[in-house]
Amino acid sequence: MPMNIRECSVVCEKLNEFKQKATPANQTSFIAQLATAIGAKKVLEVGTFVGITSLSIALALPEDGQMVTIDFNDDWLSTGRPIWTKAGVSHKIKPIVKDAAQALDDMIANGEAGTFDMIYIDADKWSYHVYYEKCVELVKKGGLILLDDSSSFAVGYLLGRIRGSKTLTAEDYMLVSANRENVKRTEGFEDFSRITSLKKTFSSPEHPAVTDLREGTFVGTTSLSIALALPEDGQMVTIDFNDDWLSTGRPIWTKAGVSHKIKPIVKDASQALDDMIANGEAGTFDMIYIDADKWSYHVYYEKCIELVKKGGLILIDDVLWLGFVFDPKMNKDGKTWEAEPVTVNTQDPLYDDRMGERITVHVHALNKKIVKDSRVMNNILPIGNGLSVATKL
């Protein structure tokens, strides 16, 4: 019986002899999520190595999809081929044993320019700038080019060109490192622009996401950002219990020309979600973004599983919660604290500390739940305060 993407992660981890060079399992899983989310059918990989990423992507492709992968060393491929066969995806994978630059030139010469939905580059870093230029020709408009190891100084020249300058400063690299290694609370529009980038990433001209749900409107900045990324006939449904907060967002939505796409609902979020399910909206949302009261995340998550369509996304904000989820107390004696209802007295002088503690427990409990949830494939991105990206299987 063919393996699924979760089993693929286990295979990746077991390849210990290649562990230092092979793409980590959580990364291959996220790349597969990207392929699924954009509805990719034709994907190119530059740098096969032992075929772990090829396997993960091929598992995410439809039955008639194609995974083209290039490497100059056929010996490395000998490790991957039996695994591709065991996984039942070898018919989707087309390995090319050749110098990568030459193979890319051959594809362009053979009329394959603009035909790839997604391209993943993880090969010799000193040739990234060469591969990048050729891949820009090969990927279709709206398609994705993913470059691995981008915080390596060896890739600095290419990243500088992409950003419009010849070099990256030390400060640029420090920002990259901070984003990877630390959890920092970032306020302001920068976080919302990242959500927009994700929104655009998980859409394509052939598979546009047209219906979104956002729980926790606040002042409507994320709703604005997502609405701007939606097609003209798209709909952004956003829920909040406080209409006063919405009064800040509405004029901005109008000024941005997207108010016709946004449907605000002023109501208790749990009740609003129940109403949608009762009204036959289960399985109709392309993407759902949750950023509301953390102690109710587990409630919202279950209802959103019903509302999102198969292959759709559930994004959950603040899942690293200022880094407090890494507190050893969260797994004291091997057991997670129970996520009890929050009933803290707001007049208590230690209110903030106790509230933060209870929120940490709830967020941690949800993270553990999602990791074990066979209904989704999930990854956590260390952007902002931590963003969980779950694809409904």
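To keep things clear, this report deals only with the structure shown in the data block. (Residues numbered from 1 in each chain as written. Predicted model: local features only at pLDDT ≥ 70, side-chain atom pairs only at ≥ 80, totals over all residues. Heavy atoms only, no water.)

**Some thoughts on the overall build of the protein**
- The helix and strand inventory of the protein stands at 14 helices and 12 strands.
- Relative to its 393 residues, the protein shows a buried fraction of 50%.
- Put simply, of all contacts in the protein between residues at least 6 apart along the chain, 70% involve residues at least 24 apart.
- For the protein, the accessible area works out to roughly 19,100 Å², and carbon and sulfur atoms hold 54% of it. (Helix = DSSP H or I, 4+ residues; strand = E, 2+ residues; numbered from the N terminus. Buried < 20%, exposed > 50% of the residue type's maximum accessible area, 1.4 Å probe, protein only. Contact = heavy atoms within 4.5 Å. Areas by Shrake-Rupley, 256 points an atom, 1.4 Å probe, with all protein chains shown as cover.)

**Some points on helix α11 (residues 243-256)**
- Between its terminal C-alpha atoms α11 stretches 20 Å, which fits the 20 Å expected from 14 residues at 1.5 Å a residue.
- The sharpest bend along α11 measures roughly 30 degrees and falls at G249, with the proline P251 sitting one to four residues further on.
- Within the span of α11, buried status applies to L246, G249 and W253.
- Structurally, the start of α11 carries an N-cap: the backbone nitrogen of D244 is 2.8 Å from a side-chain oxygen of N242.
- With its phi angle positive at about 75 degrees, G257 sits one or two positions after the end of α11. (Expected span 1.5 Å × (residues − 1). Bend = angle between axes of the 7 residues up to and from the residue. Polar contact = N/O pair within 3.5 Å; in protein donor to acceptor, adjacent residues only side chain to side chain.)

**Quick notes on the environment of T85**
- For T85, the position within the fold is in helix α4 (residues 74-87).
- Given the relative accessible area of 51%, T85 is considered exposed.
- Counting along the chain gives 30 residues from T85 to L55, while the straight-line C-alpha distance between them is 9.7 Å.

**Some details on the sheet that holds strand β5 (residues 139-147)**
- The strand order across the open sheet built from five strands is β3-β2-β1-β4-β5, with neighbouring strands paired in parallel fashion. Looking at strand neighbours, the two that pair on one side only are β3 (93-97) and β5, the edges of this open sheet. Across the sheet, the mean angle separating the axes of adjacent strands is 15 degrees when strand polarity is ignored.
- Of the pairings in the sheet, the one linking strand β1 (residues 42-46) to strand β2 (residues 66-71) comprises five bridges and is parallel in character. By the bridge assignment for β2, E45 is matched with T69. (Pairing = 2+ DSSP bridges. Axes fitted to C-alpha atoms, helices over the stretch in contact; angles between N-to-C directions.)

**Examining unusual backbone geometry**
- Of note, the phi angle at F49 is positive, near 55 degrees, even though the residue is not glycine.
- As for its placement among the helices and strands, F49 is situated in the loop between β1 and α3 (52-60).
- In the Ramachandran plot, D318 falls in the positive-phi region, its phi being about 65 degrees despite a non-glycine side chain.

**What about the side chain of N378?**
- The topology assignment puts N378 in strand β11 (residues 376-381).
- Polar side-chain contacts of N378 include one of 2.7 Å to the side chain of S388.
- Residues contacting N378, with those up to four places away along its chain left out, are S29, Q33, I370, S388, V389 and A390.

**Concerning the packing of aromatic side chains**
- Inspection of the entire model under this criterion finds two aromatic pairs.
- Arranged with centres 5.1 Å apart and planes meeting at 75 degrees, the rings of F49 and W76 form a pair that is edge-to-face. Here F49, found in the loop between β1 and α3, pairs with W76, found in helix α4; they are 27 residues apart in sequence, far enough to count as distant.
- The exposure class of F49 is buried, given its relative accessible area of 13%.
- Taking 5.7 Å as the distance between ring centres and 75 degrees as the angle between the ring planes, the aromatic pair formed by F72 and W76 counts as edge-to-face.
- Using a relative accessible area of 60% as the deciding quantity, one classes F72 as exposed.
- In this structure an aromatic cluster arises from ring pairing among F49, F72 and W76.
- The ring of F116 carries K42 above its face, with NZ or CZ at 4.5 Å from the centroid. (Phe/Tyr/Trp six-rings, centres within 6.5 Å; stacked < 30°, edge-to-face > 60°. Lys NZ or Arg CZ within 6 Å of the ring centre and 35° of its normal.)

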